[in-house]
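# Commentary on secondary and tertiary structure
Take a look at the letters that make up each chain.
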Amino acid sequence: MLSSVIMTKINDHYLKLRAGYLFPEIARRTSQYKAAHPDADIIRLGIGDVTRALTPSVLAAFHRGVDDMAKEETFRGYGPEQGYPFLLEKIASQDFKSRGAHVEPDEIFVSDGSKCDTGNIIEIFGEGNVIAVQDPVYPVYVDTNVMAGRTGGCGEAGYYAGLRYLRCTAETDFTAEPPSDKLDLIYLCSPNNPTGAVMPRPLLEKWVAYARKNQSIILFDAAYEAYISDPSIPHSIYEIEGARECAIEFRSFSKNAGFTGVRCAYTVVPKTLHGCDANGISVGINQLWNRRHCTKFNGVSYPVQRAAEAVYSEEGRREVRELIAYYMNNARVIRAGLESAGLKVFGGVNAPYIWLKTPAGIDSWSFFDKFLQEVQVVGTPGSGFGPAGEGYFRLSAFGSADRVKEAIERIKTNLTI
Ligand code: MLT
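Residues numbered from 1 in each chain as written. Predicted model: local features only at pLDDT ≥ 70, side-chain atom pairs only at ≥ 80, totals over all residues. Heavy atoms only, no water.

### Observations concerning the sheet that holds strand β14 (residues 380–381)
Pairing within the open sheet is antiparallel, and its four strands lie in the order β11-β12-β15-β14. Whereas interior strands pair on both sides, the edge strands pair on one side only; in this sheet they are β11 (344–347) and β14. Pairing of β14 with strand β15 (residues 392–396) involves two bridges; the strand directions are antiparallel. Opposite P381, over in β15, you have F393 as the bridge partner. (Pairing = 2+ DSSP bridges. Helix = DSSP H or I, 4+ residues; strand = E, 2+ residues; numbered from the N terminus.)

As C-alpha cells, then:
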C-alpha cells in the first residue's frame, strides 16, 4: 500500500545542515564503542560540561528560593522576562562597573543559556547581512544561521556558501584580524571555544574600531571569561571604548558557577546600539531584543535567579574562584601530560579547553577513534568546529581531577604517536 505524502512544507534550510550536531555524534560513536567493549572504563573529556557540584552558598540560596515558593507571602508567579532587578543590579555592578565598563540593568536580559541566546539572536537581524564567524567556531553560530536561511548550501570543503569564515590558525595564535572589506555581523568568542585562545586588548580594540568604522555589529561570546588569568586580557568587550555602539555580549553562569544543569545566562544589548530598517532608518537593537525576549520567553525561574545572585556574594565569589582554580589545575595537568607525550598543544592557559595538533597524517576523526581505542578517552575532533579545525583535537578541563590524572597516565603509557 502506498503511504500518503503529507504536503505540509518543512523548513528546507534544515536539509542543508551537515550530519548531526557535533556532541550527539560523539555520544553515538562512544556508545557504539562501549557496546563493543562493555568493560572499557571510558573517560569523557569531550563536551565542555562541568563535573563539580554546586557550591554551598549557591545551593543555600537555591534552597531559600524554593522555600519562598512554598509560602504565599513570598511565592512568585511570572517574573519580569528580562530577569529580577536583584540579579540585574548585581550583574551590572560586579561584572561590568567593577571592570570600568558601563552596562545598565535594563540592558541585561537574563536567559536560560548562551547557546540559546547566540542561536536566537539572528532572528532580530534581516536578510542580506554579510555574516562572519571565526574558523574553527562554536558550531551553534553556524548552524543557527543555516537554519534561519542566512546561508547557501555546504560545499565539499565544509564551508557554507554566503557565510564569511575568518580563518584562525596557529600562525595567528588562533585569532583573526578584521578584514579590509565590510562585514555586517561578526561572531567573536574569547576565551575561545574550541581553541582556548584569547583576544588581547589591542586586537579587540582593532575590532571595535573596525565595527564602528564599518557600522557593523560584533556578537561577543564571553561565556568563558572567568577563566582569564592574564590581567591584560579584557573580560568584557565593553572594557573597550566605543563597544557600546557596536557590540552585544553573551555571558553564562554555566562555566563559572557550574550551572550547566541549572540553566542561567544573560545577554547585554546596550541602548546605544542601533541597526537600520529597510528604509535605512536607525532602530535600537535593545528594543528589538526586548520584544523578542518578552514574546518568546517567560524568564528564568525565581529560585535559579536567587542561586545566580549568590554567585556575587563574597562567599560565592570565593567559591567560584576555587572552582576555576580546580578546572585550571586540570588544564595544566592535561597540557603538561600531552606535551610530555610528544604532542603540540595550545590553549588551556586562559581557557578550560586544550587544543592539540593531531600527529602528522592523522585527521581529527581518525584521532578521535584512535584515542578512544588506545586510551579510552573521549575528546572532540577539531574538524567538528569547522574546516580550519581539521588536524586538531579538543580536550576539556572540566573532568574530575582523578579522572584527568588517570587519562593522562593512560595517554603517556598507551598512546602511540
Ligand atoms: C562545548 O563542549 O563546546 C560546550 O558544551 C559548548 C556549550 O556550552 O554548549
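### Observations regarding the site of the ligand
In the region of the ligand, the neighbouring residues are F23, I47, G48, Y138, N193, K255, Y353 and R394. Y138 places a side-chain nitrogen or oxygen 2.6 Å from an oxygen atom of the ligand. Separating an oxygen atom of the ligand from a side-chain N or O atom of R394 is a distance of 2.7 Å. Burial of the ligand by the protein amounts to 85% of the accessible area it has alone, namely 270 Å². Considering only residue class, the shell around the ligand consists of four nonpolar, two polar and two charged. (Near = heavy atom within 4 Å. Polar contact = N/O pair within 3.5 Å; in protein donor to acceptor, adjacent residues only side chain to side chain. Areas by Shrake-Rupley, 256 points an atom, 1.4 Å probe, with all protein chains shown as cover. Nonpolar A, V, L, I, M, F, W, Y, C, P; charged D, E, K, R; others polar.)

### With respect to helix α2 (residues 56–68)
Over its 13 residues, α2 runs 18 Å from end to end, which matches the ideal 18 Å to within 8%, given 1.5 Å per residue. Buried residues in α2 make contact with α9 (302–310) and α10 (314–340). (Expected span 1.5 Å × (residues − 1). Contact = heavy atoms within 4.5 Å.)

### Details of the pairing of strand β8 (residues 265–268)
On β8, burial covers both faces: A265 and T267 on one face and Y266 and V268 on the other are all buried. Across four bridges, strand β2 (residues 108–111) lies against β8 in antiparallel orientation. Bridge assignment links I108 to a residue of β8, and that residue is V268. Here strand β7 (residues 247–252) runs beside β8; their pairing, made up of four bridges, is antiparallel. Its bridge partner being in β8, S252 is matched across the sheet by A265. (Buried < 20%, exposed > 50% of the residue type's maximum accessible area, 1.4 Å probe, protein only.)

### As for the pattern of salt bridges
All told, the structure shown has 25 salt bridges when counted by the stated rule. With a closest N to O distance of 3.6 Å, R29 and D369 form a salt bridge. Pair noted here: R29 is in helix α1 (residues 22–36) and D369 is in helix α11 (residues 364–375), with a separation of 340 residues, a long-range link. According to the relative accessible area criterion, D369 is partly exposed, its value standing at 29%. Note that R335 is salt-bridged to E339, the shortest N-O span being 3.5 Å. Of the two residues, R335 and E339 are both situated in helix α10; the distance of four residues between them amounts to about one turn of the helix. (Salt bridge = Lys/Arg side-chain N within 4 Å of Asp/Glu carboxyl O.)

### Looking at the packing of α1 against α11
Axis separation between α1 and α11 bottoms out at 11 Å; the angle between their running directions is 40°. Between α1 and α11, the angle falls in the class oblique. As for how α1 packs across α11, the hand of that crossing is right-handed. The residues of α11 that touch α1, namely those facing L22, E25, I26, R29, T30 and Y33, are W365, F368, D369, L372 and Q373. (Axes fitted to C-alpha atoms, helices over the stretch in contact; angles between N-to-C directions. Parallel < 35°, antiparallel > 145°, perpendicular 65-115°, else oblique. Left-handed = near helix turned anticlockwise from the far one by under 90°.)

### Thoughts on the sheet that holds β2
Taken together, the seven strands give an open sheet; going across it, the order is β2-β8-β7-β6-β5-β3-β4, and neighbouring strands pair in mixed fashion. Two strands in the sheet have a free side with no partner beyond their single neighbour: β2 and β4 (163–167). Put simply, the sheet's adjacent strands are angled 20° from each other on average, direction ignored. Taken together, the four bridges between strand β6 (residues 217–221) and β7 define a ladder with parallel strand orientation. Along β7, the bridge assignment pairs F220 with E249. Relative to the sheet, helix α6 (residues 201–214) contacts β4, β5 (185–189) and β6, its axis offset from that of β6 by approximately 150°. Across the sheet, helix α8 (residues 285–296) lies against β2, β6, β7 and β8, angled at about 25° from β2, the strand it touches most.

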